[in-house]
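For reference, the chains in residue letters:
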Amino acid sequence: MKKFAVIGILLLSAMLIMQACVEHTAAPDDTYDFQTPAYFPKIVSPTNNPLTKSGVSLGRMLFYDPILSQDSTISCSSCHNIANAFAEDKKYSVGVGGATGDVNAMAIINLAWQQKFFWNGRATSLEEQALGPINNPLEMHETSENVAAKLSRSKRYAPLFKQAFGSATVTPEMIAKAISQFERIIVSNQSTYDKFYEIQERAFTAEEYAGFRIFFTERGQCFHCHGANGTLLAHNLDTIFRNNGLLTDQEMIGKGLSFVTKKATDNGKFKVPTLRNIELTGPYMHDGRFATLADVMDFYSSGIKQNANLDINFTKSPERLEQYGGLGLTSTEKQQVIAFLKTLTDTAFTHNPAYQNPFKK
Amino acid sequence: MKLQLLFVLLFFSLMGCTWENQDSTGSLKVNFVHTFQDSSLQILESNQLIYTTSTGNKFNIKNLKYYIAKLTLYQNNGAKYDVNMVKLINPMEQNTNYQNYTLSNIPNGKYSKISFVFGVDSARNTFPFGLPNNSENNSMEWPFTLGGGYHFMMMEGVFQNSKNDTVGYAIHLGVTPNQFYNEFPLDLTVNGNDQSLDFQVNIEQWFNGINKINLNDGYGYMMEDQQKQLLFKQNGVSVFTLK
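Residues numbered from 1 in each chain as written. Chains lettered and ligands numbered in written order. Predicted model: local features only at pLDDT ≥ 70, side-chain atom pairs only at ≥ 80, totals over all residues.

It is worth spelling out the overall build of chain A at this point. Helix and strand counts for chain A come out as 17 helices and two strands. Counting only residues that meet the buried cut, chain A has 48% of its 361 residues in that class. The long-range share in chain A, meaning contacts at least 24 apart out of those at least 6 apart in sequence, stands at 67%. (Helix = DSSP H or I, 4+ residues; strand = E, 2+ residues; numbered from the N terminus. Buried ≥ 20, exposed ≤ 12 C-beta atoms within 10 Å, placed from the backbone. Contact = placed C-beta atoms within 7 Å.)

Okay, structure coming up:
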C-alpha cells in the first residue's frame, strides 16, 4: 500500500511539473505547418509562442481589424498594405485623428528570421513589436489593455482567443502573440531571384545578371550590408544596423540605434531592411526620403554624406567618396542594379490568399 | 522491497555509464586568446586609433570573425582524432563559446601534435549548405560571383591614411586557395579527464608577418585581389602560437 502511495505521489508530481511548464498546449491538429525552402535557415521562433493554425488565423484577423485603434479607424494593414509588400506608399503613416509619424512604415517580409525590429531596433522580439503601434499616440493611439478589454467583450474574438490561447479573457500578451504568429508566416520565397538557387545565373536576363554582378562584387558593395541574409532574410546582430550616409554628424544625433543604446557611435545607424519586394515598398529609407529606386541609386552613387559613423564599406574607398560622393556608378550600372533588384519582386507573395484581408469577401 | 531493488539497479547503471566514459575518453577545450602583441585585443566601436603597424599605420579593429576547421590531435603511432567540425571564432561575442573549439570523447592516450585549418575546409566551402544554415554562417557568405563559399575571415576597422584622413579597411579572406593548415607540437596526455589549452592569436602578426602590410596600399577592396589575400594567408601562419 505504502509503495503505491509513493508511486502515486511521484506520478502526481510529474504531472504537476509538466502542467506548470506548458501554459497552453495546442490541440495536436492545430500545429501550423510552416514550410520554407531548404536554403532558408531554420526559423527562430520563441518556445512560448509556437505557431498554431488558430493563432495564425486570429492574428490575421487582428492585423486587418481597426478594433486595435482608439477610434476603430486604423488597423495594422492601414500602414502595412499587402499591395506594397506590407509597406506603405506614403512617406509617413497617418494615425488616429490625422496624426503623422516621422518614419516610413517597414515592410513585413520574412520577419520570422529577424531578431530586432523597427528602424532603431527598439523591439527585441516580434511580440514586443506587435504592441508598439497600438500604444503609439501617432499611430493607433490606444492602450493594449483597452484593446484587450474590447476583445474580451467581443462575441467574435473571445472564443477565438479561447481556442488559440486557452482563455477568453484576453491579455495584451495574447494579442501580441497572435499578431506575431501571423507576421511570422509572411514569407517571400518565389521571386525570380529564388530561382538562382536552382539554376544559378540562368535565372536572370543579361541586364539583371549584370546588376547581380555589381550587387555581389566590390563594384557595388551592396552585398556587404544586403548579403544573402539581407536580401533573403535577416542579419546577424552585429551587422544589422548600419550608417549609410543619409545624415550629417549634426543631423544624426540621437537618431537610429543610438535612440536605444544612447551611444554616440550608434548615431545614424538604422536597421538594414530586406530588399525582397523592394520594387513595391517605396518610398525608401527610414524617413521615406527617396521616392524611387533611381533616387536610391543616385544617392549611393553620388549622395553619401560623410559623418563620424559612416560605414566602413564607404570609407574604405576614400578616393571614390572624394571623387564621386559615393560609388560612382554609371547610369548603365544603376539601371542594371535596378533590373536586378526587380528580380526580388514576388507576386505570389502579394497574391497569397493566406495573407489577404479575411474580412473582404 | 522490489522498488528499492529497482533504485539500486538504476543507481549502479548510471554509475556504470559514468565510469566507462571516465575510463576511456577525455575532452580538450582549445581557447583562442586574442592579443595585439602581448596585450589583450581591444575591438572598438569608435574610430580611436589604438594600434600601429610596423609600417607606421595607426589603426583599430572594429570587427573580427574567422573560421577554424578540423582541429585534430595526433598520437605518435599515427592515430589521430578530430570531430570534423568548423567553428566560427568571434572575439566580439561575450559568450566565450565563440572563442573556443572543444573536442569531446578523445580516446585516452598521449598526443604529440595538434593541427587545424584556418578557414572553411574545401569540402564544406559551399554556400548555403556547406555549413549549418543559420544567420551567423549566412553573415559570412562569400558571394557566388567571387567564387562562392564563406568568408574565412573578416577583419575590419579604420586607419589614418597618407592624407591623415581616418578611413576604413576590410581584410576579407575567402575561397579555398586561401585556407591554410597550421600544426604545433604538443605534449598532452588524455586520461579520462577534461583539459584545456590556449592558442595565443596575435593579431599584430596579420600585419607584421613575413609580409609587412601597409594599409595605404589599398586594403578596402581585396575580395577580388588574390595577390593581397595571399599576403595575409602567408602572414597567418605566425598569428597562432600554442601557449
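Before going further, it helps to spend a moment on the overall build of chain B. Along chain B, the regular secondary structure elements total four helices and 14 strands. The dimensions of chain B, computed from C-alpha atoms along their principal axes, are 85 × 35 × 35 Å. Within the span of chain B, comprising 243 residues, buried residues form 34% of the whole. Within chain B, contacts between residues separated by at least 24 positions form 73% of all contacts whose residues are at least 6 apart in sequence.

Residues and elements named next belong to chain B. Per-residue confidence for chain B gives a mean pLDDT of 91, with 91% of residues at or over 70. The model gives residues 12-21 a pLDDT under 50, and that stretch makes zero contacts with residues more than four places away or in other chains. Per the prediction output, this complex has pTM 0.88; the corresponding ipTM is 0.85. (pLDDT = per-residue confidence, 0-100.)

Further remarks concern the interface of chain B and chain A. Between chain B and chain A, the contact holds 29 residues from the first and 26 residues from the second. Of all the secondary-structure elements, those providing two or more residues to the side of chain B that touches chain A are α2 (135-138), β10 (151-160) and β11 (166-174) of chain B. Partitioned by chemical class, the residues of the side of chain B that touches chain A number 12 nonpolar, 11 polar and six charged. (Nonpolar A, V, L, I, M, F, W, Y, C, P; charged D, E, K, R; others polar.)

This part takes up the nonpolar core. Inside soluble globular proteins, nonpolar side chains tend to come together where they are buried. Counting residues in each nonpolar core, the largest one holds 52 residues, and the members touching the most others are A:F161, A:I175, A:A178 and A:I179. Residue assignment for this core shows that the elements contributing at least two residues are α2 (53-64), α3 (76-79), α4 (126-135), α5 (144-153), α6 (157-165) and α7 (172-184) of chain A. It is α7(A) that contributes the most residues to this core, six residues altogether. Contacts of A:A178, omitting those with residues within four sequence positions, involve A:G55, A:L58, A:G59, A:L62 and A:A164. In terms of nonpolar packing, the next biggest core, distinct from the first, is built from 51 residues, B:V30, B:Y66, B:W142 and B:F232 among them. (Core = buried A, V, L, I, M, F, W, Y, C linked by C-beta atoms within 7 Å.)

Residue and element names in this part refer to chain A. Between helix α13 (residues 293-302) and helix α16 (residues 331-342), the least distance of the axes is 10 Å, while the angle of their chain directions is 130°. Between α13 and α16, the interaxial angle falls into the category oblique. Two packed elements cross with a definite hand, and for α13 against α16 that hand is right-handed. The residues of α16 that touch α13, namely those facing L293, A294, M297 and S301, are K334, V337, I338 and L341. Broken down by class, the residue content of the contact of α13 with α16 amounts to six nonpolar, one polar and one charged. (Axes fitted to C-alpha atoms, helices over the stretch in contact; angles between N-to-C directions. Parallel < 35°, antiparallel > 145°, perpendicular 65-115°, else oblique. Left-handed = near helix turned anticlockwise from the far one by under 90°.)

It is worth spelling out the environment of A:F118 at this point. Residue and element names in this part refer to chain A. Looking at the element boundaries, F118 is found in the loop between α3 and α4. Here the alpha-carbon distance between F118 and P273, two residues 155 residues apart in the chain, equals 9.8 Å. If near-sequence neighbours (up to four positions away) are discounted, F118 is found in contact with A123, Q129 and G132.

Further remarks concern the packing of α4(A) against α7(A). Residues and elements named next belong to chain A. Here α4 crosses α7 at 110°, and the two axes come no closer than 8 Å. As the angle between them shows, α4 and α7 are arranged roughly perpendicular. Here L126, E127, A130 and L131 of α4 lie close against α7, whose contacting residues are P172, A176, K177, I179, S180, E183 and R184. When grouped by side-chain class, the residues that make up the contact of α4 with α7 number six nonpolar, one polar and four charged.

So, on to the domain arrangement of chain A. When the domains of chain A are assigned, the result is domain 1 (24-187) and domain 2 (192-347). Computed over C-alpha atoms, the centres of domain 1 of chain A and domain 2 of chain A are 28 Å apart. (Domains from an automatic or database assignment.)

This next bit is on the pairing of β10(B). Residues and elements named next belong to chain B. Counting buried residues in β10 gives eight out of 10 residues, a clear majority hidden from the surface. By the bridge criterion, four bridges tie strand β5 (residues 63-75) to β10 in an arrangement that is antiparallel. For L64, the partnering residue across the bridge sits in β10 and is M155. The sheet contact formed by β10 and β11 spans nine bridges and is antiparallel. Bridge pairing links M154 to H172 in β11. Between β10 and β11, which follow one another and run antiparallel, lie five residues, and N164 among them has a positive phi close to 65°. (Pairing = 2+ DSSP bridges.)

Right, let's talk about α7(A) for a bit. Residue and element names in this part refer to chain A. Given a rise of 1.5 Å per residue, 13 residues ought to cover 18 Å, and the 18 Å separating the end C-alpha atoms of α7 matches this to within 8%. When you tally the buried positions in α7, you get 11 out of 13 residues, the bulk of the element. Along α7, the residues that are buried comprise M174, I175, A176, K177, A178, I179, S180, Q181, F182, E183 and R184. Close packing links the buried residues of α7 with α2, α4, α5 and α6. (Expected span 1.5 Å × (residues − 1).)

A separate point is the pairing of strand β7 (residues 86-89) of chain B. Residues and elements named next belong to chain B. Covered by surrounding structure in β7 are V86 and L88 together with K87 and I89, the residues of both alternating faces. With four bridges connecting them, β5 and β7 associate as antiparallel partners. Opposite A69, over in β7, you have V86 as the bridge partner.

Let us now look at the environment of B:Y74. Residues and elements named next belong to chain B. Along the chain, the position of Y74 falls in strand β5. Taking the C-beta count within 10 Å as the criterion, Y74 has 18 such neighbours and is therefore assigned partly exposed. Excluding residues within four positions of it along the chain, Y74 makes contact with K80, Y111, S112 and K113.

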